[in-house]
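Here are the chains, one letter per residue:
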Amino acid sequence: MNDLTIVIPVRKMAGKLKQLEVSISEALLAGYKVIIVHDKADEVTDVELRLLAEKQKQAEIQLITGVYNSPGGARNAGIMKVRTKWVTFWDADDRPVVENLTKLYEIVKGSDADIGVGGYKEINSINPTGSRTHLNESLDLNSVALAPGIWRMIFRTELIVESPFKKWLLAEDQVLLSDLKIAKRKIAFSSAVTYNYLI
């Protein structure tokens, strides 16, 4: 079992969980733990998430349900259940690349890094020719500052526990990076695309 947990906040996703189910299955097969945090706003999403979790039939998946009213609040609820050294955060409607997440995890677990940063791809679901790939070619903090999405990062769990997310509807992930003072942290980079972000 890997020492990494994936926390996924979910809100109002009824009928839209097929990709999430695929991503979770891949993560569990790779030996990661998964915590789904349902920020409950409707019953149908709740039923679908329970069925998804039951279908996996594995102890490595945990479903938490509550009313958090923000992605940050939901992530904070999830982080309180994490028992691994490392944590990452996915959005329920994106397409993580688990094989490349594993490459990033191998880099960070064998280092003294506090944060691992992978490459990512913006996928334009309306116009695929508008998609862009970001590969951390400079392998420095500038690549993070230009595209600070947390979904392509792995963190030491203790960092997030000490500096939780703001309970905001927007930009809570970018504020987290500021609160973590990432310029003073040890960062490991991978140029592999670890995450496909749907726009």
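All values derive from a computational prediction rather than experimental measurement.

When you go through the protein residue by residue, the secondary structure sums to seven helices and nine strands. Per-residue burial for the protein yields a buried fraction of 51% across its 199 residues. Counting only contacts in the protein whose residues sit at least 6 apart along the sequence, the fraction spanning at least 24 positions is 79%. Of the accessible surface of the protein, which amounts to about 9,600 Å², a share of 52% is contributed by carbon and sulfur atoms.

Turning to the nonpolar core, a few remarks are in order. Considering soluble globular proteins, one finds that nonpolar side chains tend to be buried as a cluster. Membership of the largest hydrophobic core comes to 31 residues, with the highest contact counts inside it found for I8, V10 and I24. Mapped by element, the contributors of at least two residues to this core are β1 (4–10), α1 (18–29), β2 (33–39), α2 (43–56), α4 (98–109) and β9 (187–198). With residues up to four places along the chain from it excluded, the contact list for I24 reads I8, V34, I36, L52, Q56 and I61. Listed in part, the 23 residues of the second largest apolar core include I64, A74, A77 and F165.

Turning our attention to the packing of aromatic side chains. On inspection of all chains with the given rule, the structure shows four aromatic pairs. Taking 5.2 Å as the distance between ring centres and 20° as the angle between the ring planes, the aromatic pair formed by W151 and Y195 counts as stacked. Taken as a pair, W151 in the loop between α5 (141–146) and β8 (153–156) and Y195 in strand β9 lie far apart in primary sequence, 44 residues in all. W151 gets classed as buried once you look at its relative accessible area, which sits at 9%. Classification of Y195 by relative accessible area gives buried; the value is 0%. One aromatic cluster is present, built from ring pairs that chain together Y120, W151 and Y195.

The first and last C-alpha atoms of α1 sit 17 Å apart over twelve residues, in line with the 16 Å expected at 1.5 Å per residue. Among all positions in α1, only L20, E21, S23, I24, A27 and L28 are buried. End-on view of α1: buried residues confined to an arc of 165°, all on one side of the axis. Looking at α1, the residues exposed on the side facing more than 90 degrees away from the buried face are K18 and L29. Looking at the buried residues of α1, the elements they touch are β1, β2, α2, β3 (61–66), β5 (95–96) and α4. One or two residues past the end of α1 sits G31, with phi positive at roughly 95°.

All right, on to the pairing of β2 then. The side chains of a regular strand alternate between both faces of the sheet. Counting buried positions along β2 yields six of seven residues, so the element is predominantly enclosed. Where β1 and β2 come together, six bridges link them in parallel fashion. The partner of I8 across the bridge, within β2, is I36. At this point the chain moves from β1, through α1, to the parallel β2, and the crossover so formed is right-handed. Where β2 lies against β3, six bridges are found, and the strand directions are parallel. Across the sheet, the residue bridging to H38 is T65, located in β3.

What follows covers the environment of G78. Along the chain, the position of G78 falls in helix α3 (residues 71–79). In sequence terms G78 and I36 are 42 residues apart; their C-alpha atoms lie 7.4 Å from each other. Not counting residues within four places of it along the chain, the set of residues in contact with G78 comprises V7, I35, V37 and I64.

The rules behind each value
- Residues numbered from 1 in each chain as written.
- Predicted model: local features only at pLDDT ≥ 70, side-chain atom pairs only at ≥ 80, totals over all residues.
- Heavy atoms only, no water.
- Helix = DSSP H or I, 4+ residues; strand = E, 2+ residues; numbered from the N terminus.
- Buried < 20%, exposed > 50% of the residue type's maximum accessible area, 1.4 Å probe, protein only.
- Contact = heavy atoms within 4.5 Å.
- Areas by Shrake-Rupley, 256 points an atom, 1.4 Å probe, with all protein chains shown as cover.
- Core = buried A, V, L, I, M, F, W, Y, C linked by side-chain atoms within 4.5 Å.
- Phe/Tyr/Trp six-rings, centres within 6.5 Å; stacked < 30°, edge-to-face > 60°.
- Expected span 1.5 Å × (residues − 1).
- Arc of directions from axis to C-beta.
- Pairing = 2+ DSSP bridges.
- Right-handed = clockwise from strand over helix to strand, strands pointing away.

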